[in-house]
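Listed here are the chains, written in short residue letters.
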Amino acid sequence: MNAQEIMSSPLVWHPQTAAEAWLLKQSYGFDGLYISGGTLLRTQWESGVSAIPKHLINLSTIRGLNEVKIGESGVIIGGQVTLQACRTNAFLQRNFPLVTDAVRAIAAPSIRHLATIGGNVSSLVGDAIPALLAYDAEVIWYNGAIEQRAPLSSYLLLANDPAQGCERLLLSIILPFTRFKEENTACGDEEENTISKIKHFGAYHKVGRREAFTPSIVTAAILGAISSAGVLMELRIALGGGQTLPQRLERLEAEIVGAAVDHQLLQQAYDCILQEYEPREDLFASSSYRKITAANVIAAELWKAARD
Ligand SMILES: Cc1cc2nc3c(=O)[nH]c(=O)nc-3n(C[C@H](O)[C@H](O)[C@H](O)COP(=O)(O)OP(=O)(O)OC[C@H]3O[C@@H](n4cnc5c(N)ncnc54)[C@H](O)[C@@H]3O)c2cc1C
């Protein structure tokens with residue numbers, strides 16, 4: 001490294017607490033940047049999308065953020081937990097398989113060993129986000145005074161809104177143990193008191209321009225429960241991909257829960273996605289291509305759930 005390179009290298013700070021990290025960010029403003037695994041930032045610097053800042057605030061030294069903890073009401077994933085650690089965590093694999101499926105489809109193993117789940121969420125377009133949204137994930141973030149807890153869906157909207165001000169310091173992600181309805185539920189005509197068996201279904205899809213190691217065009221996560229009569233009892237759908245801010249399709253969910261999955265419902269779901277979902281276009285795919293892809297993926301999953 002020559003003298004000029006040394007002079008232009010960023011200073012790297014190693015805060016021990018969220019408060020220290022926050023203060024550093026406040027002190028350096030636009031000259032300072034939070035960094036976790038640095039895998040996304042590196043691509044931005046190397047491609048010239050953004051310049052290397054003067055100060056890097058290394059979040060990996062903040063204590064207590066690189067563990068997956070199982071609490072009474074949910075799992076808390078520290079923001080510094082690597083994608084590889086998420087992918088191989090047996091508890092997450094068993095209880096939140098869409099998350100481990102999503103993480104497995106991100107980049108390559110060498111990158112997943114460095115990249116963190118906090119960095120993926122903080123990028124606001126990470127491919128893990130739709131899977132987290134489908135589980136009603138919440139986040140804990142530091143606001144300069146206290147640790148705040150908020151649904152991931154509203155956190156994304158806030159963090160994406162320049163009018164809301166500064167970058168947020170994300171600490172952890174919580175996956176609640178919310179249960180869908182019981183396996184056997186009395187439903188239908190009360191006098192007959194029929195017992196209907198409820199089946200749970202779920203899937204995560206990443207559609208890219210090739211099978212693996214590819215940027216996403218669409219990412220889709222769906223979780224639901226369906227009765228033996230083919231009636232949708234519960235449903236959560238989340239979409240993202242490319243540079244689109246991932247979102248839950250709450251209007252569609254509300255519209256079709258309680259209805260039987262038939263041809264008409266599949267058409268309704270398909271049409272609603274075309275209307276409700278507004279993906280961003282980029283050099284890889286147009287907005288309408290992404291919409292149609294998302295609508296096909298979700299309609300196919302609903303059809304499979306009913307057929308099975
Ligand atoms: C070859 C390659 C392929 C890739 N493929 C994919 C892919 O398929 N899907 C995908 O989703 N991503 C992909 N990525 C991008 C990246 O690896 C992941 O999104 C990763 O999870 C980012 O995590 P990180 O810890 O490296 O984040 P960093 O690069 O450290 O940070 C990302 C952004 O988040 C901010 N940040 C980080 N942590 C926090 C925090 N705790 N609080 C607030 N702000 C924070 C940083 O300032 C930065 O703006 C790829 C990257 C490479 C190099």
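Here's a quick rundown of the structure.

Definitions and cut-offs
Residues numbered from 1 in each chain as written. Predicted model: local features only at pLDDT ≥ 70, side-chain atom pairs only at ≥ 80, totals over all residues. Heavy atoms only, no water. Helix = DSSP H or I, 4+ residues; strand = E, 2+ residues; numbered from the N terminus. Rg over C-alpha atoms; globule rule 2.2 N^0.38 Å. Contact = heavy atoms within 4.5 Å. Areas by Shrake-Rupley, 256 points an atom, 1.4 Å probe, with all protein chains shown as cover. Buried < 20%, exposed > 50% of the residue type's maximum accessible area, 1.4 Å probe, protein only. Pairing = 2+ DSSP bridges. Near = heavy atom within 4 Å. Polar contact = N/O pair within 3.5 Å; in protein donor to acceptor, adjacent residues only side chain to side chain. Nonpolar A, V, L, I, M, F, W, Y, C, P; charged D, E, K, R; others polar.

If you tally the helices and strands in the protein, you get 13 helices and 13 strands. Expected size for 308 residues packed as a compact globule is a radius of gyration near 19 Å; at 21 Å, the protein falls within 12% of this value. Summarising its shape, the C-alpha atoms of the protein cover approximately 80 × 45 × 35 Å along the three principal directions. Partitioning the intrachain contacts of the protein with sequence separation of at least 6 by distance along the chain shows that 59% fall at a separation of at least 24. In the structure as shown, the protein presents an accessible area of about 15800 Å², 53% of it carried by carbon and sulfur atoms.

What follows deals with the pairing of strand β6 (residues 138-142). Here β6 lies mainly inside the structure; 4 of its 5 residues are buried. Relative to strand β7 (residues 147-151), β6 is paired through 5 bridges, and the arrangement is antiparallel. Bridging from a neighbouring strand, Ile-140 pairs with Arg-149 of β7. The antiparallel hairpin formed by β6 and β7 contains 4 residues in its connecting segment, where Gly-144 sits at a positive phi of about 100 degrees. Sheet analysis places β6 next to strand β8 (residues 169-176), joined by 5 bridges and oriented antiparallel. The partner of Tyr-142 across the bridge, within β8, is Leu-169.

Structurally, Lys-291 can be placed in helix α13 (residues 287-307). Each residue touching Lys-291, except ones within four places of it in the same chain, is listed here: Ile-273, Leu-274, Tyr-277, Glu-278 and Pro-279.

Around the ligand sit 29 residues in total, of which Tyr-34, Ser-36, Thr-39, Thr-116 and Lys-206 are the nearest. At 2.7 Å, a side-chain N or O of Ser-36 approaches a nitrogen atom of the ligand. Protein coverage of the free-state accessible area of the ligand, which is 980 Å², stands at 86%. Looking at the shell around the ligand, the elements that each hand over two or more residues are β2 (32-35), α3 (39-46), α8 (117-122) and β8. Residue contributions to the shell around the ligand peak at 4 residues, all from α3. Here the shell around the ligand is built from residues that sort into 15 nonpolar, 11 polar and 3 charged.

Keep in mind that these numbers describe shape and distance, not what the molecule does.
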